[in-house]
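Residue-level listing of the chains:
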Amino acid sequence: MSNQWLLSLVLFAGICSVQSFVSLSKTQTLGNLHLCFARTQSEDETSLVPPVMISRRDALITAAGLAALVASAPAAIAADTSVPIKASWSSVDGLNSNSDDFVSFDMSAYKAMEQDPTRTPLFRKAIEQRLAAAPSESLVALDLGTGPVALFAIIAAELGAKQVYAIEANPAVAASARDVIRKAGWTDVITVLEGFSTDITLPEKADFCIAEICGSVATEEGAYATIRDAHTRFLKEPENAANWIPSRIQTYAAPASYGLHNLFGPPEFDWMKLNGEPVRFNCRDPGLQLLADPVLVEDLSFCSILSKAQDDLMNKQQDLAFIIDAKRMEQNQPLLYDEFRRGNSSPAESERLASETAHSLSGIALWPRLFLGDDIMIDSRGYPSGTPQRSHWQTVLPIMSGRPVGGLIGGEKVVVALNFDVPKSVTKSSKYSMDGRVEFGL
Ligand SMILES: C[S@@+](CC[C@H](N)C(=O)[O-])C[C@H]1O[C@@H](n2cnc3c(N)ncnc32)[C@H](O)[C@@H]1O
């Protein structure tokens, strides 16, 4: 193993370790590294993440020591210039997958979801609210994508559902769910149905459906295809929003600065080797900062998913325009400074890096928002400004140029044509592309 190779691995792990930890399932050459993000790992979850685990802090410390080797500041940009930016990827790139086209999860990811205090209690509340709208033990529930501990199926049973159908595509996960249900004594109420929902026929239609299949880009886990099919076959009244938990999922987008993209550059580090695969961040990671107010780019309403209006929203080009916000950059700089200091850079070096990073763009960040019921919302980042906060969902950042587009002072226009190709088949991956430019000197 050459030192250069090892250096690349450590640096790359650091760069991709944008949650507290990341596991690398393959440790070959830089371009072939396979990253196991699997929606997320919880911040205090370390035991289930073999085989290579490097904390972001450690990676930064290592990186700071090596910064002189690899640092290359973003180029200053002349006025009246426009700089191209672009990225494209598929929904399974960088995520675990047991097929070429369907996202799957490891146990640590399931655990992070289950233990997310910003998610699971709100689902419980929404299920409780839906069941309370009818006499006890009168409703049939469907938990579509129940996972290994049949989490929401058991909650629905505990809260008084008459019957619960729990669908799960992954055979090992379905077996685990069956086991948990048996041990918890719910076999007379909960039935596990194994397979893709699109291949399953329910013994009876359900009153309501819980389907936690929202990705960090809302559609990346197949929600569009799955819910289109579920809408036609699984519910007594699918056009009533109250019968879907969540009833609506969204993705927001904003241009972003990214510390490590500034810190590491060629010749030792080639970001283009990510090949479009986005970097995934813990939503409260201060290494990523937003440069403009977020805009809505995906909006999927489950009760009207078959409507022409919804169809028109999907798979058509969206032309986005953001104006870089000088005030945001001013606020971001001290946060980035603290981050570089935590990474052991000297005060002077941290000052320089924070200033460069705060005034540069690495890509367009994306993250989800879910509507669960009356006044029950889950925001993975703060709404509407996109402030960092705790969530097991991630902020997804496609790196859109080899080096960050630097020299921003505020007022520059970021123009992006966004094409999301979200299929109507559950076993086909979604394709995402963003192509645009940063316009200076307006
Ligand atoms: C994000 S996990 C959620 C697990 C659990 N419901 C929870 O919220 O903690 C989604 C699960 O749904 C399953 N899944 C996704 N789409 C599915 C489909 N169309 N049919 C069957 N299972 C599906 C996945 O295999 C995965 O186990």
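Keep in mind it's a predicted model, so treat the numbers as computed, not measured.

**Concerning the overall build of the chain**
Then, number 1: Along its length, the chain carries 11 helices and 19 strands.
Then, number 2: Taken across its 442 residues, the chain has 51% of its residues classed as buried.
Then, number 3: Put simply, 80% of the contacts in the chain that link residues at least 6 apart link residues at least 24 apart.

**Some thoughts on the sheet that holds strand β5 (residues 140–144)**
Then, number 1: Taken in spatial order, the 5 strands line up as β7-β6-β5-β8-β9 in an open sheet, and their pairing is parallel. The strands lining the two open edges of the sheet, one partner per strand, are β7 (190–194) and β9 (244–245).

**Some words on the sheet that holds strand β14 (residues 318–323)**
Then, number 1: Here 4 strands make up an open sheet; going across it, the order is β4-β19-β18-β14 and the pairing antiparallel. The sheet is open, and its two edges are formed by β4 (82–90) and β14, each paired on a single side. Between one strand axis and the next, the sheet turns by 15 degrees as a mean value, whatever way the strands run.
Then, number 2: Here 6 bridges tie β14 to strand β18 (residues 413–421), and the two strands are oriented antiparallel to one another. Looking at β18, one finds that Q318 is bridged to L418.

**Considering helix α11 (residues 347–358)**
Then, number 1: Here α11 spans 16 Å end to end across 12 residues, near enough to the 16 Å set by a 1.5 Å rise per residue.
Then, number 2: Taken as a whole, α11 has its buried residues at S350, L353, A354, E356, T357 and A358.
Then, number 3: Where α11 is buried, its residues touch β10 (248–258), α8 (259–263), β12 (288–290) and α10 (326–342).

**Considering the confidence of the model for the chain**
Then, number 1: Mean pLDDT for the chain: 84, with 80% of residues reaching 70 or above.
Then, number 2: Within the model, the stretch residues 1–38 combines pLDDT values under 50 with 87 contacts to residues more than four positions away or in other chains.
Then, number 3: Confidence over residues 41–71 falls short of pLDDT 50; this stretch has 72 contacts with residues more than four positions distant or in other chains.

**Description of the environment of E158**
Then, number 1: By the secondary structure assignment, E158 is in helix α5 (residues 151–158).
Then, number 2: Judged by C-beta crowding, with 15 C-beta atoms within 10 Å, E158 ranks as partly exposed.
Then, number 3: Separated by 31 residues in the primary sequence, E158 and V189 place their C-alpha atoms 9.8 Å from one another.

**Quick look at the site of the ligand**
Then, number 1: Lining the immediate surroundings of the ligand are 21 residues, of which G145, G147, A169, S197 and E212 lie closest.
Then, number 2: Elements with a contribution of two residues or more to the shell around the ligand: α3 (107–114), α5 and β6 (163–168).
Then, number 3: Of the residues that constitute the shell around the ligand, the class distribution is 10 nonpolar, 8 polar and 3 charged.

**Overview of the pairing of β18**
Within a regular strand, side chains alternate between the sheet's two faces.
Then, number 1: Burial along β18 is one-sided: the residues V414, V416, L418 and F420 are buried and none of K413, V415, A417, N419 and D421 is.
Then, number 2: Here β18 runs beside strand β19 (residues 431–439); their pairing, made up of 9 bridges, is antiparallel. Its bridge partner lying in β19, V415 is registered against R437.

**Re the packing of helix α4 (residues 120–132) against α5**
Then, number 1: Axis separation between α4 and α5 bottoms out at 10 Å; the angle between their running directions is 40 degrees. Considering the angle they form, α4 stands oblique to α5. Both α4 and α5 take part in a crossing whose hand is right-handed. Residue-level inspection shows F123, R124 and I127 of α4 in contact with α5, the latter providing F152, I155 and A156.

**What to know about the nonpolar core**
One recurring pattern in soluble globular proteins is that nonpolar side chains are buried together.
Then, number 1: In this structure, A156, C209, I210, A254 and A365 are the most contacted members of the largest nonpolar core, which totals 109 residues.
Then, number 2: What A254 contacts, discounting residues up to four positions off in sequence, is L290, L291, A292, D293, P294, F322, I364, A365 and G386.

**A few points about the environment of D270**
Then, number 1: You can see D270 is positioned in the loop between α8 and β11 (279–282).
Then, number 2: C-alpha separation for the pair D270 and G402, spaced 132 residues apart in sequence, amounts to 6.9 Å.

**Notes on α4**
Then, number 1: For α4, spanning 13 residues, the distance from its first C-alpha to its last is 18 Å, which sits close to the expected 18 Å at 1.5 Å a residue.
Then, number 2: Within the span of α4, buried status applies to F123, A126, I127, R130 and L131. Taken end-on, α4 shows its buried residues confined to a sector of 130 degrees, consistent with a single buried face. Summarising the geometry of α4, the exposed residues directed more than 90 degrees from the buried face are P121 and A132.

**A look at unusual backbone geometry**
Then, number 1: Across the junction of P266 and P267, the peptide omega takes the value 5 degrees, indicating a cis bond.
Then, number 2: For P267, the position within the fold is in the loop between α8 and β11.
Then, number 3: The linkage connecting Y383 with the following residue, P384, adopts the cis geometry, with an omega of 5 degrees.
Then, number 4: Turning to its location among the elements, P384 is positioned in the loop between β16 (376–379) and β17 (394–397).
Then, number 5: With a phi close to 45 degrees, A150 is a non-glycine residue in the positive phi region.
Then, number 6: Note on placement: A150 falls in the loop between β5 and α5.
Then, number 7: Judged by the 27 C-beta atoms lying within 10 Å of it, A150 is buried.
Then, number 8: Phi angles above zero are rare outside glycine, and D375 is one such case at about 55 degrees.
Then, number 9: Here D375 shows up in the loop between β15 (363–373) and β16.
Then, number 10: The exposed category is assigned to D375, around which 8 C-beta atoms lie within 10 Å.

Definitions and limits used
- Residues numbered from 1 in each chain as written.
- Predicted model: local features only at pLDDT ≥ 70, side-chain atom pairs only at ≥ 80, totals over all residues.
- Helix = DSSP H or I, 4+ residues; strand = E, 2+ residues; numbered from the N terminus.
- Buried ≥ 20, exposed ≤ 12 C-beta atoms within 10 Å, placed from the backbone.
- Contact = placed C-beta atoms within 7 Å.
- Pairing = 2+ DSSP bridges.
- Axes fitted to C-alpha atoms, helices over the stretch in contact; angles between N-to-C directions.
- Expected span 1.5 Å × (residues − 1).
- pLDDT = per-residue confidence, 0-100.
- Near = placed C-beta within 6 Å.
- Nonpolar A, V, L, I, M, F, W, Y, C, P; charged D, E, K, R; others polar.
- Parallel < 35°, antiparallel > 145°, perpendicular 65-115°, else oblique.
- Left-handed = near helix turned anticlockwise from the far one by under 90°.
- Core = buried A, V, L, I, M, F, W, Y, C linked by C-beta atoms within 7 Å.
- Arc of directions from axis to C-beta.

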